[in-house]
Amino acid sequence: MFHVKQSDKGKGKIYDIIVVGAGHAGIEASLAAARMGFDTLMLTLNLDHIGQMSCNPAIGGIGKGHLVKEIDALGGEMARAIDETGIQFRMLNTKKGPAVRASRAQADKALYRQRMKRVVENCENLTLKQGSVEALVCRDGRVAGVETQIGEVFEAKKTILTTGTFLQGVIHVGDRNFSAGRAGDFAAQGLSGSLNGLGLRLGRLKTGTCPRLNAHTIDYSKLSVQYGDENPIPFSFGTERIEQRQIPCHITYTNPKTHEIIQAAIHRSPMYSGVIKSRGPRYCPSIEDKVVRFADKQRHQIFLEPEGYDTVEVYPNGISTSLPLDVQVDLVHSIEGLEEAEIMRPGYAIEYDYVEPTQLKPTLETKAIDSLYLAGQINGTTGYEEAASQGLMAAINAVLSIRGEEPLVLSRDQAYIGVLIDDLVTKGTDGEPYRMFTSRAEYRLLLREDNADLRLTELGYRIGLATPEAHKRTAGKQLRINELAEKLESTRINPSRSVQARLDTLKTAPIRNITPLAQLLRRPEIAFADLAVFCPELADVPADVALQAEVSIKYSGYVERQAQGLKRFQKMENVSLPDDLDYGKINGLSREIKEKLTHVRPRSLGQAYRISGVTPAAISVLSLYVYKMKAG
C-alpha cells in the first residue's frame, strides 16, 4: 500500500514546523523551533509520556556527557532538566586526561518526565496534540504535513520525524512477540510505508532493556555501595549548584551459575533462535550476548540504579535481556543480593524500522524530498543524548531554512554533535545502532566538556536560541580566563629559600631562576590549586575559569599538535564539491567508489575522504578533477 498522501490544497492552519514524537529528540526539536520564534506543533502518541526514559534512567556518560554540554551551550534543555531531577551525579574518568572526563547522572524518572512535560506545555509558540501519525502529506515535491490514524491532517512548512523505536516496533520476550513502540505503547504502523513511498531505504535495528526489580526484595547488605560525588558538578553552564538530595546506587555481579542458566536457555532467546535477525548496539549488549561473546569471563558487573525518590523500582544496569520470563527470574535469583528479588517489569528486546542516514543531508533533511527532517533513533542511533542532539540540530536547520539563511552544520573540530552527524550522513550505521564515544572525535582534546560553552554559545546566540544571559555569562568567563592566563605569565617567583621550601612541600623540584607561575603549572605534579601558596588571591578564582587556564597551559603541547592536524583537516574541508557533480564521468575511480560518492554526495573533499572504502588514491584523483574543473 502506498502511504504518501498527495494534497492539492490546505486543510486549515499551516504551522511553521511539525515535530512528530515527544522523546528526547522531539523535545529538543520542538523547544528549539518554538524558542526561535516559529509556530510549532508537537504531535505524540501519548501526551503523558513526554520525556519518557524508556531504558535506564540516566543522562550522560563517556562521549554522551559531551553531547549534553553542547546541547546546553547551544540553548537546549536536556542539561537543565537533569540538573533539576538528578538523584546521583558522578564525574567519570577523573584519573584520566580532561578530554575524556565525562559527566553522568541518575535521574528520578518520573520527575524528569514531569518536568519536561511542564516545560513544553508552557513554551510560547508551541502547541501539543495527541495523535498517531500514519502518513506524510506531500505537495509540489515537498513534505507539506502529516495525517494521523483518525484522518486529521496537519500542515507545515517543515516536518521533523523523531519516532524513536515506534516504526513498526515489535517487542520480543522469549518466543512471545507483539507489536509495540515500547512496553505499554502502540507502534506506528503506516509511517514506514510513507517513507518507503518517498524512495527512502529502511532497515531494521534492535535494542533492549533490563527487567525492573522491587527494591523491597533486594538484600542490600550483600552489595557494595556506590555514592555520587560529594560536590556534584552540574551539566548546565547556567546551573550554580545541585540542591536536591542524592541517593546511592549499589553494585553486584553475575557468576558462573548465572552464566550456566543463560547458556542452558540460549536457544530460547529470540536473538539466538533466529527470530530476531537485526543487530543491536555493540557497546550495550544483552546479558546473553555478553555470556556468549565473553565466555572466558567469570562475572559481569551490574549497577542497581534506583528509578527515583518515590518508587521502589530498580534498574539493574547490565542485564538487558530478551530471554523468557521464567529464565529471567532464575538468572536474577542466581545473583548475590537478588536471591529473593521480585521482577516488576520483564526485560525485553524491541525491533524497529530506521532510515539509513546516508540518505540525509548534513542538516538532517532528507535528500529524497524537501522539507522532511529526521532525528534520533529513526537515523540509526541509540541513546537519549544522541537523539536530543539530532533533534536540536534538525530544528535549528528547519528554522534557518524558513528564514532563508545558511544552514548550521557543525564540523568535526567544533563539536561532538558535528562528529555524530558527520558520521551518520557520511558513513552510516554499518547495520548496528550508533553510539557516541570520545574515541570517535579526532580533536577530542579541543572538544572537552568543560569548554562546550566557549565553543558554541556564541553560535547559539547568533541564531537566536541561546539566551542573552548565557551569552553574557560565557563572554565574561572568556574574559576572566584571558586575564588569568596573563596573570600566570606575569606573576613570577624567585628561587628564594622560602619558595624552595614550599616547592619541596609540593614534592616538586626546586627552581634555579625567576619562574612564571605558568611555567610551574606545566609540571605534571603541580595543580592549579597548588599555586595559591605563591599567590593567595588565586584561591578565589572560580573553578571553571581555573580549569580552563590549567588545561590550556598544562596541555599546550598536545593542543598545538591537534591544532596543526586541524589545519590539514580544514584544508580538505574547504575544498567544496558541487551537489550535481557527475562522479560517473571521473576517470580513475572504481565503479564501487563512484557509486559510494554518488550515494552520499559529500559536501567537501574532507567528507569524501571519510566515506568508508574511499581510498587516498581516489581522493587524489577527485582532488585533481575538481581543481581542473574549477580552473575552467
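Residues numbered from 1 in each chain as written. Predicted model: local features only at pLDDT ≥ 70, side-chain atom pairs only at ≥ 80, totals over all residues. Heavy atoms only, no water.

**Student:** In this structure, what is going on with the packing of aromatic side chains? I would like to understand it.
**Tutor:** For any pair of aromatic rings, the description consists of the separation of the ring centres together with the inter-plane angle of the planes. Taken as a whole and assessed by the stated rule, the structure comprises 2 aromatic pairs. Between Phe89 and Phe235, the aromatic rings sit 6.4 Å apart at their centres with planes inclined by 50 degrees, giving tilted as the arrangement. Linking Phe89 in strand β5 (residues 86–92) with Phe235 in the loop between β15 (224–226) and β16 (249–253), this pair joins segments that are 146 residues apart in sequence. Like Phe89, the residue Phe235 is buried in the burial classification. Arranged with centres 6.2 Å apart and planes meeting at 45 degrees, the rings of Tyr555 and Tyr558 form a pair that is tilted. Among the residues examined, Tyr555 registers a relative accessible area of 21% and is labelled partly exposed. Here the basic side chain of Lys69 rests over the ring of Phe237, its NZ or CZ set 5.1 Å away from the ring centre. Between the NZ or CZ atom of Arg299 and the centre of the ring of Tyr253, over which it lies, the distance is 3.6 Å. (Phe/Tyr/Trp six-rings, centres within 6.5 Å; stacked < 30°, edge-to-face > 60°. Helix = DSSP H or I, 4+ residues; strand = E, 2+ residues; numbered from the N terminus. Buried < 20%, exposed > 50% of the residue type's maximum accessible area, 1.4 Å probe, protein only. Lys NZ or Arg CZ within 6 Å of the ring centre and 35° of its normal.)

**Student:** Would you mind showing me how to read the packing of helix α2 (residues 64–74) against helix α10 (residues 384–403) here?
**Tutor:** Think of two packed helices as two axes; the pair is described by the angle between the axes and how far apart they sit. Contact geometry for α2 and α10: axes closest at 9 Å, N-to-C directions at 30 degrees. By the angle between their axes, α2 is roughly parallel relative to α10. The handedness of the crossing between α2 and α10 comes out as left-handed. Of the residues in α10, those in contact with Lys64, Leu67, Val68, Ile71 and Leu74 of α2 are Glu385, Glu386, Ala388, Ser389, Leu392 and Met393. By residue class, the composition of the contact of α2 with α10 is 7 nonpolar, 1 polar and 3 charged. (Axes fitted to C-alpha atoms, helices over the stretch in contact; angles between N-to-C directions. Parallel < 35°, antiparallel > 145°, perpendicular 65-115°, else oblique. Left-handed = near helix turned anticlockwise from the far one by under 90°. Contact = heavy atoms within 4.5 Å. Nonpolar A, V, L, I, M, F, W, Y, C, P; charged D, E, K, R; others polar.)

**Student:** In this structure, what is going on with the pairing of strand β13 (residues 202–209)? I would like to understand it.
**Tutor:** Residues in a regular strand point their side chains to alternate faces of the sheet. Of all 8 residues in β13, 6 are buried, a share of seventy percent or more. Pairing analysis gives 8 bridges linking β13 to strand β20 (residues 348–355), with the strands arranged antiparallel. Counterpart to Gly208 in the pairing with β20 is Ala349. (Pairing = 2+ DSSP bridges.)

**Student:** Any chance you could explain the environment of Ser620 here in plain terms?
**Tutor:** With respect to the element layout, Ser620 can be found in helix α20 (residues 616–631). Residue class for Ser620 comes out partly exposed when judged on its relative accessible area of 48%. As for Ser620 and Arg522, which are separated by 98 residues in sequence, their C-alpha atoms are 41 Å apart.

**Student:** When you look at the sheet that holds β15 in this model, what are you seeing that I'm missing?
**Tutor:** Consider a sheet: its strands pair through backbone hydrogen bonds, and that pairing is either parallel or antiparallel. The 6 strands lie next to each other as β15-β16-β17-β18-β14-β19, forming an open sheet whose pairing is antiparallel. Each edge of the open sheet carries a strand with a single partner, namely β15 and β19 (343–345). For this sheet, the mean angle separating the axes of adjacent strands, direction not counted, is 40 degrees. Where β15 lies against β16, 3 bridges are found, and the strand directions are antiparallel. Of the residues in β16, the one forming a bridge with Val225 is His250.

**Student:** Just to check I follow, could you spell out the sheet that holds β5 for this structure?
**Tutor:** Taken in spatial order, the 3 strands line up as β4-β6-β5 in an open sheet, and their pairing is antiparallel. Both outer strands of the open sheet, β4 (58–60) and β5, are each paired with one neighbouring strand and no more. Across the sheet, the mean angle separating the axes of adjacent strands is 15 degrees when strand polarity is ignored. In this sheet, strand β6 (residues 102–107) lies alongside β5 in antiparallel orientation, the contact comprising 6 bridges. Its bridge partner lying in β6, Gln88 is registered against Gln106. On the sheet, helix α3 (residues 78–85) packs against β4, β5 and β6 and is oriented at approximately 115 degrees with respect to β5.

**Student:** Even after reading the chapter, I still don't get the environment of Ile319, so can you show me in this structure?
**Tutor:** You can see Ile319 is positioned in the loop between β18 (313–317) and α9 (325–333). Excluding residues that lie within four positions of it along the chain, Ile319 makes contacts with Cys210, Pro211, Thr254, Ile287, Ile302, Leu331 and Val332.

**Student:** Explain the pattern of salt bridges to me, please; I cannot follow it from the model alone.
**Tutor:** Side chains that carry opposite charge are capable of pairing whenever their charged atoms lie near each other. In the structure shown here, the tally under the stated rule is 36 salt bridges. Here Arg182 ties to Asp185 by a salt bridge, and the two come within 2.8 Å at their closest N and O atoms. Across this residue pair, the class does not change: Arg182 and Asp185 are buried. In this structure, Asp422 and Arg412 form a salt bridge, with 2.7 Å as the shortest nitrogen-oxygen distance. Of this pair, Asp422 sits in helix α11 (residues 416–427) while Arg412 sits in the loop between α10 and α11, placing them 10 residues apart in sequence. Among the residues examined, Asp422 registers a relative accessible area of 11% and is labelled buried. A cluster of three or more residues bridged by salt bridges with shared partners is formed by Arg412, Asp422, Asp423, Lys427, Glu442, Glu573 and Arg610. (Salt bridge = Lys/Arg side-chain N within 4 Å of Asp/Glu carboxyl O.)

**Student:** Which parts of the structure should I look at to understand the packing of helix α12 (residues 452–462) against helix α13 (residues 468–490)?
**Tutor:** Packing of α12 against α13 brings their axes to within 9 Å, and their N-to-C directions diverge by 145 degrees. Crossing angle aside, the handedness with which α12 passes α13 is left-handed. Facing Asp453, Leu454, Thr457, Glu458 and Tyr461 of α12, the residues of α13 in contact are Pro468, Ala470, His471, Thr474, Lys477, Gln478 and Ile481. For the contact of α12 with α13, a count of residues per class yields 5 nonpolar, 4 polar and 3 charged.

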